Number of protein chains: 2
Amino acid sequence: MYVETAGGVHSPTLSGTTQLDSYRPLFLPTILIGDSRLGGISSTISSYESLVLRGYIVDAILLFRDEYYRNWEYLSSYFAEKGVQVHAVDPPPAKHTDNNTNIQLTEQFYWKIVPSNNQGTIFDTVRHLDICHTQRLEELDSMPRRTLDTIWWPFVQHGHVKTEKDVTVIDSASGDVFSLYNGHNTESSTPSLLEPQFDGSASWWTQAVGHAHPALTMAAAQAAGRYGHVMFPEATHLPALKLAERLVKFGPGRGWASRAFFSDDGSTGMEVALKMALRAFAVREQGGLKSGIGMEKRRGLGVLGLKGSYHGDTIGAMDACEEGVYTSEWHEAKGFWLDPPTISVRNGQTVISVPPSISAESEVETQSLGWTYDITERFKTPLAAVYRQHIESTLRKLRNSERTLAALVLEPIVMGAGGMIFVDPLFQRILIDVVRSSNAFPGTLSTTPGEWSGLPVIFDEVFVGLYRLGFESIIPLLGVFPDISVNAKILTGGLVPMAVTLASDSIFKAFYSEKKVDALLHGHSYTAYPVGCEVANEALNVIEKLSKSGEWEEAKARWASPQETKLQSNGVWSFWDPDFVSELSKLPCVGEVMTLGTVLSIKIADDTAGYQSHSAQKLLDVIKSSENTEDVSPIPGGSPFGINYRTLGNVAYFMLSLNTAPEIVKAVENRIWRTLSS
Amino acid sequence: MYVETAGGVHSPTLSGTTQLDSYRPLFLPTILIGDSRLGGISSTISSYESLVLRGYIVDAILLFRDEYYRNWEYLSSYFAEKGVQVHAVDPPPAKHTDNNTNIQLTEQFYWKIVPSNNQGTIFDTVRHLDICHTQRLEELDSMPRRTLDTIWWPFVQHGHVKTEKDVTVIDSASGDVFSLYNGHNTESSTPSLLEPQFDGSASWWTQAVGHAHPALTMAAAQAAGRYGHVMFPEATHLPALKLAERLVKFGPGRGWASRAFFSDDGSTGMEVALKMALRAFAVREQGGLKSGIGMEKRRGLGVLGLKGSYHGDTIGAMDACEEGVYTSEWHEAKGFWLDPPTISVRNGQTVISVPPSISAESEVETQSLGWTYDITERFKTPLAAVYRQHIESTLRKLRNSERTLAALVLEPIVMGAGGMIFVDPLFQRILIDVVRSSNAFPGTLSTTPGEWSGLPVIFDEVFVGLYRLGFESIIPLLGVFPDISVNAKILTGGLVPMAVTLASDSIFKAFYSEKKVDALLHGHSYTAYPVGCEVANEALNVIEKLSKSGEWEEAKARWASPQETKLQSNGVWSFWDPDFVSELSKLPCVGEVMTLGTVLSIKIADDTAGYQSHSAQKLLDVIKSSENTEDVSPIPGGSPFGINYRTLGNVAYFMLSLNTAPEIVKAVENRIWRTLSS
C-alpha cells in the first residue's frame, strides 16, 4: 500500500499542523518526490531535512530527469553520501493542445516508464524499496539476539533475560507510545509486526511532553548548528545563561538561589550538591577545608537523611544513603537516616503510617489527600508535636555519634527509587525547622537572612521537581527553601541528559576567595553543553504553555475538595482519577496506592516485600501485550496497545507525560483495573 | 550591508557544498524570502528548518502577498509561535507586453512598496530588523554581567574572574573557531564587535570534527525525531545496538570486549568500571559480594595506579586517585599509586625521566620519539629489567598493606587532567604484565584465555581514546588488552555527553546469576539515549572517513623516521610539526614539550610548579586576543584571530580537532612561537 500525500512535506493538514507532524505517529517508510525545476535542489534537500528532523526513514528520492537543470545529478551524489538512493524518471510529455493526443501521449509515457520487460528506473526503485523493507524486517528480527550478545543493561540481571521475546525492541516512539517489533512475541494479538505500547515509565522518569516532540528536536538542532559544544569555564553562551537565569530567578530557585552549576545527570548533580554542602559546613564549623583540619575529621562528616533515600548511582551519591541492594563494594553509609512516616491510600482512605520508633499509634486516618498536604493545618494537630519531639531527641542522641552531621539531604515529598515512598510532608518540614533552629547544631546556627543555619539543606528534586508531582516546584508544599537543590530528568524534557545544582549565595561564598584551591574544583567536559541547555529552555517553554493552557483543569477539579470546584493554588492533585485510585486501593491484591501529579504507585500486598520481590511484575505482566477489546483505542492509529511499566520490588508504578491525552489515561486506568480486579 | 544569496537556501555553491554550509562561518543574521506560490508553505517552512539546523538566526520572513494561495496567513501564525515575524509584500505587477510600460509599472510598484512617508511592510520590516540588531547587541553586551551574577563555573575560582572583560562570550562556533563578543575587550585589535578565536582546548577535550558539524546535527535531529529518549533496561533500539556492536567488535573493544555499558560521562563511566572490577575481584577472591564477606573487608578493597592519575570528578572516581587539590571532603585515597617514568622532549631531545624511586639515573635520552613508543624494541633495553624489578618489589611490599588491591587502573600513554603527563609506555606495559602473571596476586591468577588474571585491568581511555593521540585505540601501543575500558569525550564528536564502559566476558560473568541482587545495579535515566548514541555513530563515521581520506598523511610523513617516508602502522605521530616541537623545547622559558596526535603540551620552566602555578597563563595570556599581522588569516572570513587555551598549573596545552586545516595549525604554531620566543 502506498499513501500519497498532497503537496510539499510541510503542507498544512486540516488539523492545523503540517503533514510531517500529522502522519508521524504512523512512522511509515518514505519516498520523497524531489523537485526537478529551478531551485529544486534546494527544496528537495530542505524537504529531506524536514523529514529527518521528525525521524522519518527516507528510503528513496524520485524526481524527473530534467535535462536542462539536471538536479538529479547533484542530488544523486549529495544523497549517496547519506546512503539515500536518488532515482530520476523521464518527465511526462509537454501538454498537447489536442485532448485526445494528450491522452495518447500520456499513456505512451506511462508505458514507457513501466515497460513490460520490468526494466527501468521505476522497477529499480520498487526493487530497491523491497530490499529496504526486507532489510528493515531482518534487522528488527535480529535485534533481540544481537542485543543479548552485546549490551550490558543498567539494573538488569541478564540471567533473567534469556530469550529474544524478553527484549523490548523499540523501533520508534511518538507521543506517549513506543512502536515495538513483536515478531518474537507469540502472545501478541496484533496482526502487525509493529505494535504500539504505552510508555508507562515515562521513559524512566524523564519524559514530560511526549516522545519526539518537534519543538525539542528543533531546539537541539539549533544549538548543535550554532555552537556544537563550547568549553564552559570562564565562558558563557545564551542557552546556558538563559537557563541559569530562568532556574535561579523564575524556576525552582526563585526566592532563595543565586547560582546554577551544571552537570550531566542527577547523580553528578547530587555529588556537586554534597561537595557544596560539606565544604560550606567545614568552612563555618572548622575554618575550612584547606586550613589544616585533619583528613580524618573531614572524611568523618556525614549527612542526615531519611530511610529509603536514593540520590543516584555514583559512589559518592550512594554514600549519602544507607547500605542496600544497590550499593557497591566501596559503599560506606556516611550519615544517619530517620525512619519517616508516610502517606498512602488504603481501602479508599488516606492514611499516615507512623513507624513505631516515632509513635505507638501506627496509622492515622486523615480527612483527605488535600488536607494531608496542607502543612499549615497539620501544624495544629498533635502529630506535629510528636514529630518535633522525636526529631529533637534523635538529634540529641546523634551528637555523640562518630560522624559529625554536616548536611540535611532530602528527596522532598516522594523518595522515588527507594520504592515510591510518599513521605509525610509535615515530618520533612519539622525536620528542616528543627535542624535550622534547634540547639542540635549550636556551632553553625545563623540568624542572618538567607544564610544557611544548623546544616545546609539539600533538596534532591531530580525525580519530584518540575511538575512530575503536578507542581513546578515542590518547595511551596513544604513552605521552606533549601540551601542547595538539584534538578534533572524532566529538566531536559526527556530528550538528553543534564542536571543543574542550584545554590544560595551563602553556599557560593564558602568557595569564593583569591585562591584557586578554594574553588569548587569539579566539572565535566560537556558541562552546560548548548544542546542540553537549549533543549531544557524549550522543554520549560512547552511545559509553561501547557500549565497555562487549562488542559489540566479538569483533572485538578476532580481532586478539589467537595466544598470547592477548583483546587487552591497549593492544593495537591493528580492526572489519575480519584475514584479509580480509591477503588484500586480496596482490591484484595493491593496493599496501598498513592498518587500525585503524573505518578501512580501501587504496592502489591505481598509478604516477601522489598526490591527482590517479583510480585508486582508477575501480577501485571499481561498488560505489556495488547488486548483485543471492542473499545476503540485512543492512541493515534487506533490500534490496541500494551503498557510498558517498571516495578520496584512489590511496587508497580505508572507515570504519565504532562500532555498525555485524558482518554489515554482512562484507557490505561481501565486496563490496570481489569488486570488487578480479575 | 545586505548579502543577497542566489536561489534556495540549499542551492549549491562552487565549492560543492550548499549555500547554507558555505556561508555558515560568517554567521550572518538572516531574512528568509518565503514562497507565495502553490506549495510555498511547505518550502518556506522546510527552508526555515534547514537554516535552524545550521544555527542561523532568522530575524524575519518576507514573502509576496498572493491573494489566491494566501500562504502568508498560515505562515504568520505558524511562525508567530516560534517568535519569527512574517511580513507580506504586495506582489509585482504581471509582465506587460510593452517594454516601456513594463518598466513604468515596475517603477510604480517599487515606489508603492517604499512610499515617501516611510510607511508600509518594507519599512516595518527594516524597523523590525533594526530592533533585532539592537537587542542582539544589547544582549551580548549584558551577558558577561549576567553570567557573573548567575553562573557557578566548573573549576573556576570566581574570586579570579571579577570583570566583564574576563568572561568569554561565545556567540557561535564553527569549525575550530569560536565567534566571541569583544565589546568589553579594550585590547582587541579588531574593529568588529565579534572576533574569531581558535578553540585551543578542542572545547575541553571533546571536539573531534569541528564545531557544529552538519552531519552530527542531523544525527542528533534524526534520533530525536525518531525516538526522543526511550528507557533502556531490557530494551533495545538501533542507535544503541549499532554503537555497542561497533565499539565492542570493531572499535576499542576489538579482540577482547564482549559488552558495552552506557552512562553519561567519563566520570560515571569510570564509576561503572570500578564497580565492575571490584565485584569481579570480590567474586573470585572472596566468593562474591553477597556471600557474607564483611563490609569492612569489601570497603578495604583498593586500586593500583600511577601518581598523577585522574579519572573524573565524582567521589568514587576520585577515590581511585591520590588526595590532591581536586579532592573533596569525602575523598579517601583507596589504593596505591606508583611514581611513573615519563616521556618528553627537552632541548630538542626525547628523554625518559625516571623517578629516583626507580633508578638513580634520572634521565635517559632516546633515539627518537617513534623508537620510544616501540615496546618490542624497548623490551630489549636495560630499563625493562629495572622497571620489572621495581614493580615486583613494590607489589611485594604492598602485600602487607591494609588495603587489598583489587584492580589496576590506568590512563594509558597520557594522564591528561593530572597535568598532561606522558607516561613511559614500557613502564605501563610491564606493570600490566607483572600484575597478570606474578605471584603478587596468587589467589586470582588465571591461565584461561580471555579471563582476567591477577587484577582486572581498567583502561581509562576517556581522554586518550578515539584518535585524540592519533590512534583509534591506544591498545596497540601497549600491546595488551584491558579487561575493562572507558571511552567518552570524542565518542560523541564534541556535541553531547555520553560514556561507554566496555567489559570482557570474564567481567560480565561475575554479575550473571539468577538473583537480581547479583546484577550491576547501576544506571542513569538517560542511559543509552538515542540522540547520544546516534551522534556517536555518526561521529565515528566521520572520523573513520577522515582517517581513510589521506588528509593525515602529510603530518604522519613528517614524523616518520629518516629512513622511512611513511610511518609504520603503529608509529606515533602528531598533527604538530616536529621541528616546531623541537625548537620550542629549546626556548629558555620552556621546561619541556610533548606531543602525540592532536595534543601539544608545553611545560613552562617554573620553580613554583603544580596546579596553583599561574606561570603558563601569564606567559601566554596575550594570545587570547587577535594580533594585527601582515599575514592573511587562514580561518574562514580571513579575520585575525586569538587563541583560546587552557592551562593545568605550569602546563599549557593546545589541542586540535581531527580535521583542523594544516594552515590553521601552522598559524597557531607561529603565534605560540612568536609569543614564547619574544
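Keep in mind the model is a prediction, meaning the values are calculated, not measured.

Peer 1: Please clarify how the pattern of salt bridges should be interpreted in this entry.
Peer 2: Opposite charge on two side chains allows them to pair when their charged atoms are near. Scanning the model with the defined rule gives 74 salt bridges over all chains in all. Where Arg226 of chain B meets Asp171 of chain A, a salt bridge forms, and the shortest distance between an N and an O atom there is 2.8 Å. On the criterion of chain membership, the pair formed by Arg226 of chain B in helix α7 (residues 214–226) and Asp171 of chain A in strand β4 (residues 168–174) is interchain, its members lying in two chains. Residue classification places Asp171 of chain A among the buried residues on the basis of a relative accessible area of 2%. A salt bridge links Lys509 of chain A to Asp505 of chain A; its shortest N-O distance comes to 2.6 Å. The network of salt bridges with common partners includes Arg346, Glu363, Glu592 and Lys603 of chain A.

Peer 1: What should I look at first to understand the pairing of strand β20 (residues 590–596) of chain B in this one?
Peer 2: Residue and element names in this part refer to chain B. Most of β20 sits inside the fold, with six of its seven residues counted as buried. In terms of strand pairing, β20 meets strand β21 (residues 599–604) through six bridges, oriented antiparallel. Bridge pairing in β21 links Leu596 to Val599. In this structure, the hairpin formed by β20 and β21 is closed by a connection of two residues, where Gly597 is found at a positive phi of approximately 55 degrees.

Peer 1: Where do I start with the sheet that holds strand β18 (residues 484–487) of chain B in this structure?
Peer 2: The strands making up a sheet associate through backbone hydrogen bonding, with each pair oriented either parallel or antiparallel. Residues and elements named next belong to chain B. Read from one edge of the open sheet, seven strands run β8-β19-β18-β17-β14-β9-β10, paired in mixed fashion. Of all the strands in the sheet, the pair left with one neighbour each is β8 (259–263) and β10 (335–338). This sheet shows a mean twist of 20 degrees between the axes of neighbouring strands, independent of strand direction. Strand direction decides the pairing type here: β18 and strand β19 (residues 499–503), joined by four bridges, are antiparallel. Bridge assignment links Val486 to a residue of β19, and that residue is Thr501. Most of the contacts of helix α8 (residues 238–250) go to β8, to which it runs at about 125 degrees, and overall it touches β8 and β19. Sheet contacts for helix α15 (residues 425–437): β9 (301–306), β10, β14 (404–410) and β17 (457–460); angle to β14, the most-contacted strand, approximately 150 degrees.

Peer 1: Could you clarify how one ought to interpret the interface of chain A and chain B in this entry?
Peer 2: As a measure of interface size, the accessible area lost when the parts come together is often cited. At the interface, 162 residues of chain A touch 162 residues of chain B. Roughly 14,600 Å² of surface becomes buried between chain A and chain B when both sides are summed, with 60% attributable to carbon and sulfur atoms. Among the residues chain A hides against chain B, the three largest losses belong to Trp152, Glu329 and Trp330 of chain A. Together they make up 8% of the total. Seen at the junction of chain A and chain B, the total is 10 salt bridges. Between chain A and chain B we count 95 residue pairs in polar contact (both at pLDDT 80 or more) in total. In terms of residues, the side of chain A that touches chain B owes the most to one element, helix α2 (residues 40–53) of chain A, which gives 10 residues. Relative to strand β4 (residues 168–174) of chain B, strand β7 (residues 235–236) of chain A runs parallel, the two being bridged by two bridges. Paired with Thr236 of chain A across the two strands is Val169 of chain B, which belongs to β4 of chain B.

Cut-offs applied
Residues numbered from 1 in each chain as written. Chains lettered and ligands numbered in written order. Predicted model: local features only at pLDDT ≥ 70, side-chain atom pairs only at ≥ 80, totals over all residues. Heavy atoms only, no water. Salt bridge = Lys/Arg side-chain N within 4 Å of Asp/Glu carboxyl O. Helix = DSSP H or I, 4+ residues; strand = E, 2+ residues; numbered from the N terminus. Buried < 20%, exposed > 50% of the residue type's maximum accessible area, 1.4 Å probe, protein only. Pairing = 2+ DSSP bridges. Axes fitted to C-alpha atoms, helices over the stretch in contact; angles between N-to-C directions. Contact = heavy atoms within 4.5 Å. Buried area = accessible area lost by both parts, 1.4 Å probe. Polar contact = N/O pair within 3.5 Å; in protein donor to acceptor, adjacent residues only side chain to side chain.

Functional significance is not addressed by these values, which are geometric in nature.
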